[in-house]
Amino acid sequence: MPSGEKSIAINRKARFDYTVDETYECGIELLGTEVKSFRDGKISFPDAWAEVINREVWLRSLRIAENPFSSVFNHDPDRKKKLLLHRDEIKRITRKTEEKGYTLIPLSFYFKKGRVKVELGLCKGKKTFDKRADIREKDIKREVSREFRGKLS
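Along each chain, residue indices are assigned from 1 in the same order as the chain's sequence is written. At least 70 in pLDDT is required for a residue's local features to be given in this predicted model, at least 80 for side-chain atom pairs to be given and counted, and no such filter applies to totals for whole chains, interfaces and linings, which use all residues. Values shown for side chains rest on all heavy atoms present in the structure; no hydrogens or waters enter the calculation.

Examining the overall build of the chain
- Runs of E in the DSSP output that reach at least two residues are strands. Runs of H or I that reach at least four are helices, and both are numbered from the N terminus. The helix and strand tally for the chain stands at 4 helices and 9 strands.
- Each helix and strand of the chain, ordered N terminal to C terminal, gives the series β-α-β-α-β-β-β-β-β-α-β-β-α.
- The principal-axis extents of the C-alpha atoms in the chain amount to approximately 60 × 40 × 30 Å.
- Throughout this description, buried means an accessible area under 20% of the type-specific maximum (1.4 Å probe, protein chains only), exposed means over 50%, and partly exposed covers the range between. For the chain, with 153 residues in total, the buried portion stands at 33%.
- Considering only contacts within the chain whose residues lie at least 6 apart along the sequence, 68% involve residues at least 24 apart.
- Areas reported here follow the Shrake-Rupley algorithm with a probe of radius 1.4 Å; residue values treat only the protein chains shown as occluding. Carbon and sulfur atoms make up 50% of the accessible area of the chain, which totals about 10400 Å².
- His is not counted, nor are the chain ends, whereas Lys and Arg count as positive and Asp and Glu as negative. Where a charge sits is defined by one atom per residue type, namely NZ (Lys), CZ (Arg), CG (Asp) or CD (Glu). Mean positive and mean negative side-chain charge positions of the chain (36 and 25 charges, respectively) differ by 2 Å. Throughout, a residue-residue contact means that at least one pair of heavy atoms, one from each residue, lies within 4.5 Å.

Here is the structure:
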């Protein structure tokens, strides 16, 4: 991760369940109490996804825990959040998501220059045999690295 960026959360399961064709860096429209919860790392997004509605990109199923120190001014933890992208990127995303099988998945959340950013992936679902092939490749790499470590000692 480049300097000036602090990781908040990474969606490892997304890279296992989907093949990522393109990634986009987006801003996210948040309330003050939501930013505090992001700083504390109190977010959950196992089933999060994004959709394009009226030429705007909205993030769904992202749960940001309420801040216990802001009593009356707290936010709704399950509200949909607006993602900030350039118009050309939204057009490209709209065309791709209208194709069969493509979906928008948040891959990671991080701070960049004090602002919360989302790495949004344009993804296509993997079949079970693709997942098995990925597991097999990881096992082979692990075995090879283990052998190299054994020979170097």
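Some remarks on the pattern of salt bridges
- Just to be clear on terms, a salt bridge is a Lys or Arg side-chain nitrogen sitting within 4 Å of an Asp or Glu carboxyl oxygen. Scanning the model with the defined rule gives 8 salt bridges in all.
- The salt bridge involving Glu-51 is made with Arg-60; its shortest N-O contact spans 2.9 Å.
- Residue classification places Glu-51 among the partly exposed residues on the basis of a relative accessible area of 21%.
- Exposure remark for Arg-60: the relative accessible area of 26% places this residue in the partly exposed category.
- Glu-56 serves as the salt-bridge partner of Lys-82, at 3.2 Å between the closest nitrogen and oxygen. Highlighted residues: Lys-82 in strand 7 (residues 81–84) and Glu-56 in strand 5 (residues 56–60), separated in sequence by 26 residues.

Remarks on the side chain of Ser-108
- Among the structural elements, Ser-108 can be located in strand 8 (residues 102–112).
- Judged by its relative accessible area of 7%, Ser-108 is buried.
- In this view, Ser-108 contacts Ala-9, Ile-10, Lys-117, Val-118 and Glu-119; residues no more than four positions away in its chain are not counted.

Let's talk about the nonpolar core
- Definition used in this section: a nonpolar core is a set of buried Ala, Val, Leu, Ile, Met, Phe, Trp, Tyr and Cys residues joined via side-chain atoms within 4.5 Å. Residues Phe-38, Leu-83 and Phe-109 are the most contacted members of the largest nonpolar core, which totals 27 residues.
- Elements supplying a minimum of two residues to this core: strand 1 (5–10), strand 2 (18–28), strand 5, helix 3 (87–98), strand 8 and strand 9 (115–125).
- Once you skip the residues sitting within four places of it in the chain, Phe-38 turns out to touch Ile-8, Leu-30, Ile-43, Leu-62, Ile-64, Phe-109, Phe-111 and Val-116.

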